[in-house]
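Listed here are the chains, written in short residue letters.
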Amino acid sequence: MSTEQQQIEKIFKTQEIQAERIKLLESRVPEYPTLRVPDYTHDLQMVRESIDRFLASNHQKNMDDIVLQIRGIVSRIPNTINVKNHHHFAKATKRVVIAFLVLVTCLAFTIWLAYYFYKH
């Protein structure tokens, strides 16, 4: 026999072994754990009754009335609200601004003087 035929025979043997294993596994019946499912029919009926009572109690009309009231309140609010602002400087701030303006004036004069002497 050639090696190819031997390999083919080995493959057939392994397939037969696998087929036997599969048949054995298929014949087994798995044991499932017993489940305890509680009965919720009473609770579900209570929820259904409360929903029916809610729908029958005309809450939708009350909500519509409340929304209309809110819209009326919002429509009465002005678009712009006037705010009075009063800006003022502290006592020392006026002195600082004056000193800054004097320094800027001195700087401008110095630059002008330097430019004048540079050109002449």
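Because the structure is predicted, anything quoted here is derived from the model rather than measured. (Residues numbered from 1 in each chain as written. Predicted model: local features only at pLDDT ≥ 70, side-chain atom pairs only at ≥ 80, totals over all residues. Heavy atoms only, no water.)

### Things to note about the overall build of the chain
Looking only at helices and strands, the chain has four helices and zero strands in total. Listing every helix and strand of the chain by position from the N terminus yields α-α-α-α. In terms of overall size, the chain is more extended than a compact globule, its C-alpha atoms giving a radius of gyration of 48 Å where 120 residues would be expected to give roughly 14 Å. Judged by the C-alpha coordinates and their principal axes, the chain covers about 120 × 75 × 25 Å. (Helix = DSSP H or I, 4+ residues; strand = E, 2+ residues; numbered from the N terminus. Rg over C-alpha atoms; globule rule 2.2 N^0.38 Å.)

### Brief notes about helix α2 (residues 41-56)
With 16 residues, α2 should cover 22 Å at 1.5 Å per step; its first-to-last C-alpha distance of 22 Å lies within 8% of that length. Note on α2: the residue one or two positions beyond its end, Asn 58, has a positive phi of about 65°. (Expected span 1.5 Å × (residues − 1).)

### Here's the deal with the packing of aromatic side chains
Enumeration according to the criterion identifies three aromatic pairs in this entry. Where Trp 112 meets Tyr 116, the ring centres are 5.6 Å apart and the plane angle is 20°; that geometry is what we call stacked. On the criterion of helical spacing, the pair formed by Trp 112 and Tyr 116 is a turn pair, its members being four residues apart in helix α4 (residues 91-119). Taking the relative accessible area as the measure of exposure, Trp 112 reaches 47% and is therefore partly exposed. (Phe/Tyr/Trp six-rings, centres within 6.5 Å; stacked < 30°, edge-to-face > 60°. Buried < 20%, exposed > 50% of the residue type's maximum accessible area, 1.4 Å probe, protein only.)

### Some details on the environment of Leu 103
Among the secondary structure elements, Leu 103 is positioned in helix α4. Residue class for Leu 103 comes out exposed when judged on its relative accessible area of 59%. Sequence separation of Leu 103 and Tyr 32 is 71 residues, and the distance between their C-alpha atoms is 95 Å.

### With respect to a nonpolar patch on the surface
On the surface, Met 63, Ile 66, Ile 70, Ile 73, Val 74 and Ile 77 cluster together into a nonpolar patch covering about 550 Å² of accessible area. Tracing the backbone through its elements, the reader meets Ile 70 in helix α3 (residues 59-76). (Patch = residues over 30% accessible without salt bridge, like charges linked within 9 Å, V, L, I, M, F, W, Y side chains within 5 Å. Areas by Shrake-Rupley, 256 points an atom, 1.4 Å probe, with all protein chains shown as cover. Salt bridge = Lys/Arg side-chain N within 4 Å of Asp/Glu carboxyl O.)

### Quick word on the confidence of the model for the chain
For the chain, the average pLDDT comes to 86, and 99% of its residues sit at 70 or higher. The lowest-confidence element of the chain is α3, averaging 83 in pLDDT; the highest-confidence one is α4, averaging 92. (pLDDT = per-residue confidence, 0-100.)

### Brief notes about the environment of Arg 53
Tracing the chain through its elements places Arg 53 in helix α2. Separated by 52 residues in sequence, Arg 53 and Thr 105 have C-alpha atoms that sit 84 Å apart.

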